[in-house]
Amino acid sequence: MTSTDTPIIFDELPTHSGHRIGVATLNAEKSLNALSLEMIELLAEQLPRWQADPGIVAVWLQGSGEKAFCAGGNIVRLYESIKESGSQRNPYAERFFTLEYQVDHLIHTFSKPLICWGHGIVMGGGLGLMSGARFRVVTEKSRIAMPEVAIGLYPDVGGSWFLNKMPGRVGLFLGLSGVSINAGDALFVGLADRFLPNELRATTLEDMASLPWQGSGHADEGLVDDWLRSKEEAHREAIPLSPVRQHLDQINKLMDRGHAAAAYSALATLETDDLWLQQAVKGVRKGSPASAVLIWEQLHRARHWSLAQTFREELVVSVNCCSHGEFAEGVRALLIEKDGNPAWQFASVEAVPAEWIDAHFVSPWTAQTHPLKGLGE
């Protein structure tokens, strides 16, 4: 095990079959395990090693503490880099997003069982890590969201992929509102695979050592799948009710619009006594109008993107967000000066120029020089 002072603790758990399980623990509890560039670099180095090591049969990914798996990326440092670069190319942002998306893509395509314990807050970059895992476990306190609309950004880290794969128009609804969902919701929309009480985390990991591992990715996936299903069975009644499932018809009706302004208006003007829907309405009203239009365009363009194309296109949009002003202003208002009063560039979604949105999708690279050109489809 590495020093507990490091931002990620890597350990290897011996199994009864003579193999090992790689254990990665995000170790920045005070910041809710928010991803720094150093943490991403460490994952980018270690995960490929474990994938190539025939003695490693599975990987377990978790966060330290009881509050969060990962509350997102360290956007304060990104903000500083934006201020340093202005409207010019931002080397720090390009490296941060490139490495982050490489890690996310690797998790999606990992050749061995990868189990993510998604307890507590799972937002933004944390959801990027969890969403691609083969086995995503949520708990009674999982609180999941992509709240980028609140800071003038958009749901990246594969959001173009997994939001478009949700039932009906739920992905658009979650993107525009940034509203939190629980474990029951995550299971319903396809962001989680199993539910277990968090009190079982330590014993669940320990019990993995006694499984009859075969050292074959496909066979071992079936082994873990059967095992987690059997553990979940005794706790199904503890799965919280899913507000998304309960409101699916209303969500689909609200989001059944032909353009961004209509969808935004339908949600922003909704009058309801339902507390969860009230949070969604509050989220879209306080969020960036420009982000709302960008999210609409993002999901529309991404409908038929491959996984690799998703991360390539998101890298383009993300680095452009760093030079177009809205993201920096959102971070300033929410996290730097904390006045909660962002001066958005546009007063309404109707005022957002189409050319301003289109500019976010213009790549600063050619196909040959794109940093993620090597990702498999």
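Residues numbered from 1 in each chain as written. Predicted model: local features only at pLDDT ≥ 70, side-chain atom pairs only at ≥ 80, totals over all residues. Heavy atoms only, no water.

Asks: Please clarify how the UniProt feature "domain: Enoyl-CoA hydratase/isomerase" (unreviewed entry) in the protein chain should be interpreted in this entry.
Replies: Those residues carrying the UniProt feature "domain: Enoyl-CoA hydratase/isomerase" (unreviewed entry) are residues 21-361 in this numbering. The distance separating the terminal C-alpha atoms of residues 21-361 is 40 Å; by composition the span is 51% helix and 10% strand. (UniProt positions renumbered as here; feature names shortened; annotations may be inferred. Helix = DSSP H or I, 4+ residues; strand = E, 2+ residues; numbered from the N terminus.)

Asks: What's the story with empty space enclosed by the protein in this structure? I'm lost.
Replies: Once rolled over the atoms, a probe with the size of a water molecule shows which space is left empty. Tallied over the entire structure, the rule returns four cavities of 30 Å³ or more. What the largest cavity holds in volume is close to 70 Å³. Along the walls of the largest cavity sit Leu127, Ile144, Ala145, Met146, Phe162, Leu163, Met166, Leu174, Val179, Ile181 and Leu191, which together make up its complete lining. Residues that form the lining of the largest cavity fall into these classes: eleven nonpolar, no polar and no charged. Looking at the second largest cavity, its volume works out to about 50 Å³. Broken down by secondary-structure element, the contributors of at least two residues to the lining of the second largest cavity are α14 (289-301) and α16 (326-336). Broken down by element, the residue count for the lining of the second largest cavity peaks at three residues, all from α14. Within the lining of the second largest cavity, the residues separate by chemical class into five nonpolar, five polar and one charged. (1 Å grid on protein atoms, 1.4 Å probe; cavity = no way out; pocket = protein on both sides within 12 Å on 5 of 7 lines; lining within 4 Å. Points joined across faces, edges and corners; volume = space filled by probe spheres on them. Nonpolar A, V, L, I, M, F, W, Y, C, P; charged D, E, K, R; others polar.)

Asks: Help me understand the packing of helix α1 (residues 37-52) against helix α3 (residues 91-108) in this model?
Replies: Packed helices, taken two at a time, are described by the angle between their axes plus the distance between the axes. Put simply, α1 and α3 touch, their axes get as near as 9 Å, and they point 35° apart. As for the relative orientation of α1 and α3, their crossing is left-handed in sense. Contacts from Leu37, Ile40, Glu41, Leu43, Ala44, Leu47, Pro48 and Gln51 in α1 reach Tyr92, Arg95, Phe96, Leu99, Glu100, Val103, Leu106 and Ile107 in α3. (Axes fitted to C-alpha atoms, helices over the stretch in contact; angles between N-to-C directions. Left-handed = near helix turned anticlockwise from the far one by under 90°. Contact = heavy atoms within 4.5 Å.)

Asks: Before we go on, may I ask you to explain the sheet that holds strand β5 (residues 114-118) in this structure?
Replies: Pairing between the strands of a sheet is mediated by backbone hydrogen bonds and can be parallel or antiparallel. Strand order in this open sheet of six strands is β1-β2-β3-β5-β7-β9, and the pairing throughout is mixed. Pairing within the sheet leaves two strands with one partner each, and these edge strands are β1 (8-14) and β9 (194-195). In terms of strand pairing, strand β7 (residues 135-138) meets β9 through two bridges, oriented parallel. For Val137, the partnering residue across the bridge sits in β9 and is Arg194. Of the strands in this sheet, β1, β2 (20-26) and β3 (56-63) touch α1, which is tilted by about 20° from β1. (Pairing = 2+ DSSP bridges.)

Asks: Is there a simple way to think about the packing of aromatic side chains in this case?
Replies: Any pair of aromatic rings gets described here by the distance separating the centres and the angle formed by the planes. According to the stated counting rule, one finds eight aromatic pairs in the structure shown. Measuring from centroid to centroid gives 5.9 Å for Tyr101 and Phe311, while their planes differ by 40°, and the two rings are tilted. In this pair, Tyr101 is assigned in helix α3 and Phe311 in helix α15 (residues 307-321), connecting sequence segments 210 residues apart. Of the two residues, Tyr101 and Phe311, both sit in the buried class. Judged by centre distance (5.6 Å) and plane angle (40°), the rings of Phe173 and Trp276 are tilted. One end of the pair, Phe173, is in helix α6 (residues 170-177); the other, Trp276, is in helix α13 (residues 275-286), with 103 residues separating them in the sequence. (Phe/Tyr/Trp six-rings, centres within 6.5 Å; stacked < 30°, edge-to-face > 60°. Buried < 20%, exposed > 50% of the residue type's maximum accessible area, 1.4 Å probe, protein only.)

Asks: I tried to follow the side chain of His370 on my own but got confused; where do I start?
Replies: As for its placement among the helices and strands, His370 is situated in the segment after α17 (354-359). Accessibility expressed as a relative area gives 8% for His370, which makes it buried. Within the structure, the side chain of His370 is placed 3.0 Å from the backbone nitrogen of Leu372, a separation counted as a polar contact. Residues contacting His370, with those up to four places away along its chain left out, are Arg312, Leu315, Val316, Ser363 and Trp365. (Polar contact = N/O pair within 3.5 Å; in protein donor to acceptor, adjacent residues only side chain to side chain.)

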